[in-house]
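The primary structure of each chain is shown beneath.
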Amino acid sequence: MLKSWFVMILCTAMVSAPSLAQTSADKGLSVRGEAVVSAPADSASLMLGVQNSAADADSAVQENNRLMQRLNKALLKAGVDEKELSTANFSVQPQWQPRPRNAEQDWQPQIIGYQVRAQLQLKTSKLTQVAGYIQAAIDAGANLVGQLSFGLEDNEAVYQQALRQATERARLHARVAAEAAGVELGAIERIEVESGNPGRFEMAMASKSMARMSADVSVPVVAPGKIDVRAAVQLLFQIHP
């Protein structure tokens, strides 16, 4: 009776030959294939808002509402569609008196004001206008600008392309490995698909919210670039001597 055996190889889109082989007590050939497909970004998302403070909560909220209305109007005037805007967050936080250096033992902090923070999320496919939208927001008084990211509207189509390439690569390397090992490749017994890439990336220049900005701030060049979508699959083949 023939002794059962197992051969494993690892192949990726970055190499042209199997890079790992090992034996096991299981009969079969396990191959992993990986592929990356790049596609031009066609959507953008970013956060724009205002942070302000006042001695009492009502005054702070009223001022924030006024500033956010001005920001909203400026964005619409700059060409943003109303459906591209949505409220992302709104918060009211008390501001506490700092502890004096020589405070009494029974000293208790007092509320000295309130801080209000509100942001809009802008999602658009008009990538060439993103820099203009940011500038319009800053000119209107926005002092919170961040979380700028680019992505693909139809990420699934690109992922399927990458998955198809990864599977074809795994099958190719399985055939090569089987031939080199002097065995015949049989049917596929198992297919395992690894989680895919979400197809978005965040710009480093916008990863931080800027608490203080002024109208003379120069917005950097916004270049969407391409999105890398990754896919990987592992196939288990039967093999015959």
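Residues numbered from 1 in each chain as written. Predicted model: local features only at pLDDT ≥ 70, side-chain atom pairs only at ≥ 80, totals over all residues. Heavy atoms only, no water.

## Let's talk about the overall build of the protein chain
Now for step 1: On a plain count of helices and strands, the protein chain comes out with three helices and ten strands.
Now for step 2: Taken across its 241 residues, the protein chain has 37% of its residues classed as buried.
Now for step 3: Within the protein chain, residue pairs in contact and separated by at least 24 positions form 78% of the contacts whose partners lie at least 6 positions apart.
Now for step 4: Counting every atom, the protein chain has about 14100 Å² of accessible surface; 50% of that belongs to carbon and sulfur. (Helix = DSSP H or I, 4+ residues; strand = E, 2+ residues; numbered from the N terminus. Buried < 20%, exposed > 50% of the residue type's maximum accessible area, 1.4 Å probe, protein only. Contact = heavy atoms within 4.5 Å. Areas by Shrake-Rupley, 256 points an atom, 1.4 Å probe, with all protein chains shown as cover.)

## Examining the environment of Gly-79
Now for step 1: When you line up the elements, Gly-79 lands in the loop between α1 (57-77) and β5 (85-96).
Now for step 2: Taking C-alpha positions, Gly-79 is 8.0 Å from Tyr-133, a pair spaced 54 residues apart along the chain.
Now for step 3: With residues up to four places along the chain from it excluded, the contact list for Gly-79 reads Lys-126 and Tyr-133.

## Some thoughts on unusual backbone geometry
Now for step 1: Look at Gln-147: it is not a glycine, yet its phi comes out positive at around 55°.
Now for step 2: Positionally, Gln-147 belongs in strand β7 (residues 144-151).

## A few points about the pattern of salt bridges
Now for step 1: Here the structure, examined in full by the defined rule, presents six salt bridges.
Now for step 2: Its salt-bridge partner being Glu-84, residue Lys-126 comes within 3.5 Å of it at the nearest N-O pair. Taken together, the residues Lys-126 in the loop between β6 (111-124) and α2 (130-139) and Glu-84 in the loop between α1 and β5 connect sequence positions 42 residues apart.
Now for step 3: Glu-192 is the partner of Arg-190 in a salt bridge, and the nearest nitrogen-oxygen pair spans 2.9 Å.
Now for step 4: Glu-192 gets classed as partly exposed once you look at its relative accessible area, which sits at 39%.
Now for step 5: Each of Arg-32, Glu-34 and Glu-194 takes part in salt bridges that share partners, so that together they form one network. (Salt bridge = Lys/Arg side-chain N within 4 Å of Asp/Glu carboxyl O.)

## Some points on the nonpolar core
Now for step 1: Residues Leu-48, Leu-71, Leu-75, Leu-122, Ile-134, Leu-148 and Phe-150 are the most contacted members of the largest nonpolar core, which totals 34 residues.
Now for step 2: At the level of secondary structure, the elements contributing two or more residues to this core comprise β3 (28-40), β4 (43-54), α1, β6, α2, β7, α3 (155-181) and β10 (226-240).
Now for step 3: It is α2 that contributes the most residues to this core, five residues altogether.
Now for step 4: Those residues within four positions of Leu-71 in sequence are excluded, and the remaining contacts are Leu-48, Gly-49, Leu-120, Ala-137, Ala-140 and Ala-142.
Now for step 5: Among the nonpolar cores identified, the runner-up in size contains twelve residues, and Ala-35, Ala-166, Ala-174 and Ile-239 belong to it. (Core = buried A, V, L, I, M, F, W, Y, C linked by side-chain atoms within 4.5 Å.)

## Let's talk about the confidence of the model for the protein chain
Now for step 1: Looking at the protein chain, pLDDT values average 83 and 78% of them are 70 or higher.
Now for step 2: When pLDDT is averaged over each element of the protein chain, α1 comes out on top at 97 and strand β1 (residues 6-10) at the bottom at 36.
Now for step 3: Here residues 204-215 is modelled with pLDDT under 50, and outside its nearest four sequence neighbours on either side it reaches 26 contacts, counting other chains as well. (pLDDT = per-residue confidence, 0-100.)

## Details of the side chain of Arg-32
Now for step 1: Of note, Arg-32 is situated in strand β3.
Now for step 2: Judged by relative accessible area, Arg-32 falls into the buried class, the value being 19%.
Now for step 3: Engagement of the side chain of Arg-32 in a polar contact is seen with the side chain of Glu-34, the distance being 3.0 Å.
Now for step 4: Separated by 2.8 Å, the side chains of Arg-32 and Glu-194 make a polar contact. (Polar contact = N/O pair within 3.5 Å; in protein donor to acceptor, adjacent residues only side chain to side chain.)

## A look at a nonpolar patch on the surface
Now for step 1: There is a patch of nonpolar side chains on the surface, built from Ile-188, Ile-191 and Val-193 and spanning about 250 Å² of accessible area.
Now for step 2: Assessed through its relative accessible area of 53%, Ile-191 is described here as exposed. (Patch = residues over 30% accessible without salt bridge, like charges linked within 9 Å, V, L, I, M, F, W, Y side chains within 5 Å.)

## Looking at α3
Now for step 1: For α3, with 27 residues, the first-to-last C-alpha span of 39 Å sits near the 39 Å given by 1.5 Å per residue.
Now for step 2: Those residues of α3 that sit buried are Asn-155, Val-158, Tyr-159, Ala-162, Ala-166, Ala-170, His-173, Ala-174, Ala-177 and Ala-178.
Now for step 3: Just downstream of α3, Gly-182 is the residue with a positive phi angle, here 75°. (Expected span 1.5 Å × (residues − 1).)

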